[in-house]
Amino acid sequence: MAAAVVLEVPTAAATGEPTVSAAVGAFADRLAQHVAGFGPLVVGNGDEAGLGAEELAERVLLRQPFVAGGGSVAEVLTARAAEWGGDVTVVGFRRFELGERIQD
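Residues numbered from 1 in each chain as written. Predicted model: local features only at pLDDT ≥ 70, side-chain atom pairs only at ≥ 80, totals over all residues. Heavy atoms only, no water.

Engineer: Would you mind showing me how to read the pattern of salt bridges here?
Structural biologist: Note on pairing: side chains with opposite charge can pair once their charged atoms come close. Scanning the model with the defined rule gives two salt bridges in all. Note that Glu83 and Arg80 form a salt bridge whose closest N and O atoms lie 3.6 Å from each other. Pair noted here: Glu83 and Arg80 are both in helix H4 (residues 73-84), with a separation of three residues, about one helical turn. A salt bridge links Glu97 to Arg95; the shortest N-O distance between them is 3.0 Å. (Salt bridge = Lys/Arg side-chain N within 4 Å of Asp/Glu carboxyl O. Helix = DSSP H or I, 4+ residues; strand = E, 2+ residues; numbered from the N terminus.)

Okay, here's the thing in structure tokens:
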């Protein structure tokens, strides 16, 4: 299994101080590992229509407990936003499984 995550971060965090840019990259990698392992269906930015109450708790990325600790994914994003000086948003993700067929 593998995953890719697209984050929107403050410009200064993405292109500024090398240690902050490295932290953004490391966080994106860890979040991709989370997506690969936990298998969320949606981000949770208003795209969760049609999910039942149980699925909301288990399959919405922002509501899941973050694999590396620190609370839910949403809480960790809020903490990172404070560190990096602006909003940190998960724009999207894609989870890949071995043998998965690509649909057009």
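Once you've had a look at it, read on.
Engineer: Before we go on, may I ask you to explain H4 in this structure?
Structural biologist: One full turn of an α-helix is made of 3.6 residues, so residues set three or four places apart face in the same direction. Here H4 is twelve residues long and its end C-alpha atoms lie 16 Å apart, about the 16 Å a rise of 1.5 Å per residue gives. All of the buried residues in H4 are Val73, Val76, Leu77, Ala81 and Trp84. End-on, the buried residues of H4 take up no more than an arc of 145 degrees, which puts them together on one face. Facing away from the buried side of H4 by more than 90 degrees, the exposed set consists of Thr78, Ala82 and Glu83. Two residues or fewer after H4 comes Gly85, characterised by a positive phi angle close to 80 degrees. (Expected span 1.5 Å × (residues − 1). Buried < 20%, exposed > 50% of the residue type's maximum accessible area, 1.4 Å probe, protein only. Arc of directions from axis to C-beta.)

Engineer: What is the right way to look at the packing of aromatic side chains in this model?
Structural biologist: Note on aromatic pairs: each is described by the distance of the centres and the angle between the planes. Per the counting criterion, the structure on display carries two aromatic pairs. Ring centres 5.7 Å apart and planes at 45 degrees place the aromatic pair Phe27 and Phe66 in the tilted group. Of the two residues, Phe27 sits in helix H2 (residues 18-38) while Phe66 sits in the loop between helix H3 (53-59) and H4, which places them 39 residues apart along the sequence. Phe27 sits in the buried class, given a relative accessible area of 4%. Since its relative accessible area comes to 7%, Phe66 is described here as buried. Arranged with centres 5.9 Å apart and planes meeting at 75 degrees, the rings of Phe27 and Trp84 form a pair that is edge-to-face. Of this pair, Phe27 sits in helix H2 while Trp84 sits in helix H4, and the two are 57 residues apart along the sequence. We note that Phe27, like Trp84, is buried. Three or more aromatic residues joined by ring pairs form one cluster here, namely Phe27, Phe66 and Trp84. (Phe/Tyr/Trp six-rings, centres within 6.5 Å; stacked < 30°, edge-to-face > 60°.)

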